[in-house]
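# Per-entry structural report
So you can see what is in the structure, the chains are spelled out below.
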Amino acid sequence: MNRHLAGCLALGLGVLPYLGVYPIFAMKLMCYALFACAFNLLLGYTGLLSFGHAAFLGSAAYATGYALKTWGLPTELGILFGVAVAAAIGLVMGGLAIRRSGIYFAMITLAVAQMLYFFYLQAPFTGGEDGLQAIPRGTLLGHIDLGNDMALYYVVLAIFLFGVFLIYRTVQSPFGQVLKAIRENEARATSLGYDVNRYKLLAFVLSAALTGLAGATKSVVFISATLSDVVWQMSGLVILMTLVGGMGTLTGPMVGALIIVLVENKIGEWGNALANATGIAWFGSLGDAVTIVTGLIFVVCVLAFRRGIVGELGAWLERRRARPARS
């Protein structure tokens, strides 16, 4: 990510509320985009497929919500507590999962995530099926009132940009290059003297912590933490975001999150507009068929955009640049 792209991203997100975009919707988009970018660090750059990443999102949301509502911690400390809880769970889950590879790795992450799901379903502090409600937003550093949506928006924007920058620096660092080497050829990375399991575990914990940052922030935005944050479908949703946008790219998961969140929130409005424009009443029922629409998007991307939208766009631009050089 060069400075121009980073500047355009920050500027574009900074002016969204002034373009008529509802701040809560924009904050939801940034939380999911950070979630997808954190997951992409593990899948796209390390080659590890986790089916249990929702455990970190939901655990951080519950931890932050409980710390703010019951313990009365300041908001910034509550968010940091949620990140720490997610990182600790990532350390335990990663320590178990990296002992295996491939589908066995994925199944271990799914099994641990499901254990946490049933724990949160029955634990008294989570509110069970009702969730943890009425989480106080509080103030940031004792001065910024986060009850104001616009003030909270720019705090969430700063958190999102920090998370993306941290991922970018990680990928560009020597540590990130080793992760890419593990993804491409784990046996060769081992033969070069790298402790592969150690690098995998560090990447797993870092991805879990950043996912926890997204989950903790989301709980403050929506003043609630529910089982929908930790259920296995959420883990599938982040995989979909990453694959649709383009895994192994920095901006791909953001594009994927944008598409999926827009479909989930706007498909009903689009369907009604199509029904009014075409006179076909069936379009009005699209709002009840979100999973079908997202499934179709996934199928189209797998068949037509094997690298994801951003990956295919990057490959097309590379071919365009290569033509004058060959001629």
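Quick caveat: nothing in here was measured; it's all calculated off a predicted structure. (Residues numbered from 1 in each chain as written. Predicted model: local features only at pLDDT ≥ 70, side-chain atom pairs only at ≥ 80, totals over all residues. Heavy atoms only, no water.)

Counting residues in hydrophobic clusters, the biggest one holds 92 residues, and the most contacted among them are Met27, Met30 and Phe160. Take this core: its biggest share by element is 18 residues, from helix H2 (residues 23-46). Apart from residues lying up to four places away in sequence, Met30 is in contact with Leu13, Tyr153, Val156, Leu157 and Phe160. If you look at the next biggest cluster of nonpolar residues, it comprises five residues, including Val263, Ile267, Leu286 and Val293. (Core = buried A, V, L, I, M, F, W, Y, C linked by side-chain atoms within 4.5 Å. Buried < 20%, exposed > 50% of the residue type's maximum accessible area, 1.4 Å probe, protein only. Helix = DSSP H or I, 4+ residues; strand = E, 2+ residues; numbered from the N terminus. Contact = heavy atoms within 4.5 Å.)

Overall, the coordinates contain five salt bridges when judged by the stated rule. Lys218 is the salt-bridge partner of Asp229, the closest N and O atoms lying 2.7 Å from each other. Within this pair, whereas Asp229 is found in the loop between strand S4 (224-225) and helix H10 (232-245), its partner Lys218 is found in helix H9 (residues 196-222), the two being separated by eleven residues in sequence. The two residues Asp229 and Lys218 agree in class, both being buried. Here Glu312 makes a salt bridge to Arg307, at a shortest N to O gap of 3.4 Å. For Arg307, a relative accessible area of 46% puts it in the partly exposed group. (Salt bridge = Lys/Arg side-chain N within 4 Å of Asp/Glu carboxyl O.)

So, on to the state of the cysteines. What the rule picks out here adds up to zero disulfides. Free cysteine Cys31: the closest other cysteine sulfur is in Cys37, separated by 12 Å. (Disulfide = S-S within 2.5 Å.)

Let's shift gears to the packing of helix H6 (residues 149-172) against helix H7 (residues 174-184). Where H6 contacts H7, the two axes come as close as 4 Å, and the packing angle between them is 70°. Viewed along their axes, H6 and H7 adopt a mutual orientation that is roughly perpendicular. Residue-level contacts link Thr170, Val171 and Gln172 of H6 to Pro174, Phe175, Gly176, Gln177 and Lys180 of H7. (Axes fitted to C-alpha atoms, helices over the stretch in contact; angles between N-to-C directions. Parallel < 35°, antiparallel > 145°, perpendicular 65-115°, else oblique.)

This part is about the layout of surface pockets. Here the largest pocket defines a volume of roughly 390 Å³. Residue lining of the largest pocket: 17 residues in total, with Gln233, Leu237, Leu240, Glu264 and Thr294 positioned closest to the centre. Taken together, the elements giving at least two residues each to the lining of the largest pocket come down to H10 and helix H12 (290-304). Counting residues per element, the lining of the largest pocket draws most heavily on H10, at eight residues. Among the residues forming the lining of the largest pocket, the class breakdown is ten nonpolar, six polar and one charged. Space inside the second largest pocket adds up to approximately 270 Å³. Sorting the residues of the lining of the second largest pocket by element identifies helix H1 (3-15), H2 and helix H11 (252-278) as the ones contributing at least two each. (1 Å grid on protein atoms, 1.4 Å probe; cavity = no way out; pocket = protein on both sides within 12 Å on 5 of 7 lines; lining within 4 Å. Points joined across faces, edges and corners; volume = space filled by probe spheres on them. Nonpolar A, V, L, I, M, F, W, Y, C, P; charged D, E, K, R; others polar.)

One pass over the full model with this rule turns up one cavity of 30 Å³ or more. In this structure, the largest cavity occupies an estimated 40 Å³ of space. Every residue along the wall of the largest cavity is listed here: Thr75, Ile79, Leu140, Leu146, Leu152, Val155, Val156, Ile159, Thr217 and Val220. Counting only elements with at least two residues in the lining of the largest cavity, the list comes to helix H4 (75-97), H6 and H9. At four residues, the largest contribution of residues to the lining of the largest cavity is made by H6. For the lining of the largest cavity, a count of residues per class yields eight nonpolar, two polar and no charged.

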